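Listed below are the residues making up each chain.
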Amino acid sequence: MSTGTGTQVLRSTRVVTPAGTRPATVTVTGGTIAAVGPYGAAPPPGAAVTDLGDDALLPGLVDTHVHVNDPGRTEWEGFRTATRAAAAGGVTTLLDMPLNSIPPTTTTAHLRVKQDTARPAAHVDVGFWGGALPSNTADLRPLHDAGVFGFKAFLSPSGVDEFPALAPGDLEAAAARIAELDGLLIVHAEEPARLERAPQCGGPRYADFLASRPRAAENEAVNRLIAVSRRLGTRVHILHLSSSDALPAIAAAKADGVPVTAETCPHFLTLTAEEVPDGATEFKCCPPIREAANQDALWAALADGTLDCVVSDHSPCTTDLKVPDFGAAWGGISSLQLGLPAVWTEARRRGHTLADVARWMSAGPAALAGLHRKGAVEPGRDADFTVLAPEAAFTVDPAALHHRNHVTAYAGRTLHGVVRSTWLRGRRIAHDGALAEPPAGLLLERQRSA
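A brief structural summary. (Residues numbered from 1 in each chain as written. Predicted model: local features only at pLDDT ≥ 70, side-chain atom pairs only at ≥ 80, totals over all residues. Heavy atoms only, no water.)

1. Side note on the pairing of strand β1 (residues 7-17)
Part 1 of the reasoning: Burial of β1 is extensive: 8 of the 11 residues sit out of reach of the surface.
Part 2 of the reasoning: Summarising the sheet, β1 and strand β2 (residues 20-29) pair through 9 bridges and their orientation is antiparallel. Directly across from Leu10, in β2, lies its bridge partner Val26.
Part 3 of the reasoning: If you look at the hairpin formed by β1 and β2, you'll find 2 residues sitting between the two strands.
Part 4 of the reasoning: With 4 bridges connecting them, β1 and strand β4 (residues 48-51) associate as parallel partners. Its bridge partner being in β4, Arg11 is matched across the sheet by Asp51.
Part 5 of the reasoning: Alignment of β1 against strand β5 (residues 56-59), held across 2 bridges, turns out to be parallel. Bridge pairing in β5 places Val15 opposite Leu57. (Buried < 20%, exposed > 50% of the residue type's maximum accessible area, 1.4 Å probe, protein only. Helix = DSSP H or I, 4+ residues; strand = E, 2+ residues; numbered from the N terminus. Pairing = 2+ DSSP bridges.)

2. Topic: the state of the cysteines
Part 1 of the reasoning: Scanning the model with the defined rule gives 0 disulfides in all.
Part 2 of the reasoning: Left without a disulfide partner, Cys265 is nearest to the cysteine sulfur of Cys285, which lies 7.7 Å away.
Part 3 of the reasoning: On the basis of relative accessible area, Cys265 is assigned to the buried category, the value being 0%. (Disulfide = S-S within 2.5 Å.)

3. A short note on the sheet that holds strand β6 (residues 61-66)
Part 1 of the reasoning: If you walk across this open sheet you meet the 3 strands as β6-β7-β8, and the pairing is parallel. Among the strands making up the open sheet, the edge pair consists of β6 and β8 (125-128). Averaged over all neighbouring strand pairs, the angle between strand axes comes to 20°, with direction disregarded.
Part 2 of the reasoning: Direction of pairing for strand β7 (residues 91-96) relative to β8: parallel, over a ladder of 4 bridges. Considered in β8, the bridge of Leu95 is made with Gly127.
Part 3 of the reasoning: Helix α12 (residues 354-369) rests against β6 and β7 of the sheet, and its axis sits at about 60° to β6. (Axes fitted to C-alpha atoms, helices over the stretch in contact; angles between N-to-C directions. Contact = heavy atoms within 4.5 Å.)

4. Comments concerning the sheet that holds strand β12 (residues 235-238)
Part 1 of the reasoning: The parallel open sheet is built from 6 strands, whose spatial order is β9-β10-β11-β12-β13-β14. Edge positions in the sheet fall to β9 (130-131) and β14 (309-310), since each has one partner strand and no second.
Part 2 of the reasoning: Contacting β11 (184-188), β12 and β13 (260-264), helix α7 (residues 215-232) crosses the sheet at an angle of about 165° to β12.

5. Re the pattern of salt bridges
Part 1 of the reasoning: This structure, assessed with the given rule, holds 29 salt bridges.
Part 2 of the reasoning: The partner of Arg177 in a salt bridge is Glu180, and the shortest N-O contact between them spans 3.6 Å. Taken as a pair, Arg177 and Glu180 lie in helix α4 (residues 168-180) at a separation of 3 residues, close to a single helical turn.
Part 3 of the reasoning: Since its relative accessible area comes to 28%, Arg177 is described here as partly exposed. (Salt bridge = Lys/Arg side-chain N within 4 Å of Asp/Glu carboxyl O.)

6. Details of the packing of helix α11 (residues 339-349) against α12
Part 1 of the reasoning: Their axes nearest at 10 Å, the elements α11 and α12 cross at an angle of 135°. Of the possible angle classes, the one that applies to α11 and α12 is oblique. Taken as a pair, α11 and α12 cross one another with a handedness that is right-handed. Only Leu354, Val357 and Met361 of α12 make contact with α11, whose side of the interface consists of Gly339, Leu340, Val343, Trp344 and Ala347. (Parallel < 35°, antiparallel > 145°, perpendicular 65-115°, else oblique. Left-handed = near helix turned anticlockwise from the far one by under 90°.)

7. Brief notes about the packing of aromatic side chains
Part 1 of the reasoning: For the coordinates displayed, the defined rule picks out 7 aromatic pairs.
Part 2 of the reasoning: A centroid spacing of 6.2 Å and a plane angle of 65° characterise the contact between Phe79 and Phe128, whose relative ring orientation is edge-to-face. Here Phe79, found in helix α1 (residues 79-88), pairs with Phe128, found in strand β8; they are 49 residues apart in sequence, far enough to count as distant.
Part 3 of the reasoning: Overall, Phe128 belongs to the buried group, its relative accessible area being 2%.
Part 4 of the reasoning: Among the aromatic residues, ring-to-ring pairing joins Tyr206, Phe209 and Phe326 into one connected group.
Part 5 of the reasoning: Geometry around Tyr39 places Arg11 over its ring, the cationic atom sitting 6.0 Å from the centre. (Phe/Tyr/Trp six-rings, centres within 6.5 Å; stacked < 30°, edge-to-face > 60°. Lys NZ or Arg CZ within 6 Å of the ring centre and 35° of its normal.)

8. Topic: the pairing of β6
Part 1 of the reasoning: Along β6, 6 of the 6 residues are buried, which leaves the element largely enclosed by surrounding structure.
Part 2 of the reasoning: When β6 meets β7, the two strands line up parallel, connected through 4 bridges. Pairing of Val62 across the sheet is with Thr93, part of β7.
Part 3 of the reasoning: For the crossover from β6 across α1 to β7, the handedness is right-handed. (Right-handed = clockwise from strand over helix to strand, strands pointing away.)

Following this line, the structure appears as structure tokens:
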């Protein structure tokens, strides 16, 4: 594995840059991209040269929605396994969600526990979201000052007792405090009253589960968040958007200058309700995978900029929690290692380019989190790269994944795009699925304003 020391040159016939994809030579010095020059440029004297041939050189992916579950539920995932999976899948930076670990990241003391757990285990760079609970409004400023990238909240039950949802008054208080900080509020947007009125789900039928998480629950929650953002000026990010019916409201809010952004996930872009077998709870997530026509609209919203980024919402669990009852099974899809090939497989079929995928899965999440050194192959950025063989295909074997638990909705699917290697600040940290040791990831904090 490359050590990342000295000057290095990476050459490819397909380098994906903000200005387009072209043959180029990328020079790296001290872990930073020093230059992006002509393909045939002579390397600096003494530089180590890596010729990637026709494999594409993309910016390292940035995944701002990962549940690592460590400490406290490390049997579900853990920083060592999650970051190994990330590196093998071309992800060079991830942000850890504040819940499903015990303790949740809702105080500065809890943040330090998370950081101490992650520091020796991280194969990629790791940052942290804080949590906004009904009881911790006073903790938001200390967490902000300690460098969290923003604050995660639920409007409906989160699924774990230690992370309760915000009632309307709690949401107003948290949003007002976060606006004072010029912070970012990221929200699981499903309206609880709508969920309570929906048919209650139990049993193996996916159709019953889908009916229990109606589009209206997302739509109404999105409308409420837009209203809060419009009134208070709080920057609000809508997590894992599933319902395409909410897209017009998001687009209109953006056109009005309301500081609202939104993401979607690989599973919403590549899997459809029509193909989910009954009892196959590896497909269960909240909000749910919806119909093919809904998926078409999500792709259109990515193309026109209504949706800002694509992130995994990697939310794993132990195998025993995926019982074949959609009412009882844990809701979450494991995809951290597979997000890039899953999205690229469908993107290429729909006529999108590698530059589009890099914008959605690297530049967009980096901009959301204010990670100004990440997200692009251009001078001054960290030398974080994903080397992808776009035309190569593979069949997903769960046993070959680095996730702690080998449960995935992509099992047996043929995907295009094989990650050949992953580079972090000029060091090759993964090559043909093998991981470099020791772990080279750093812990990141939100960039402070000048």
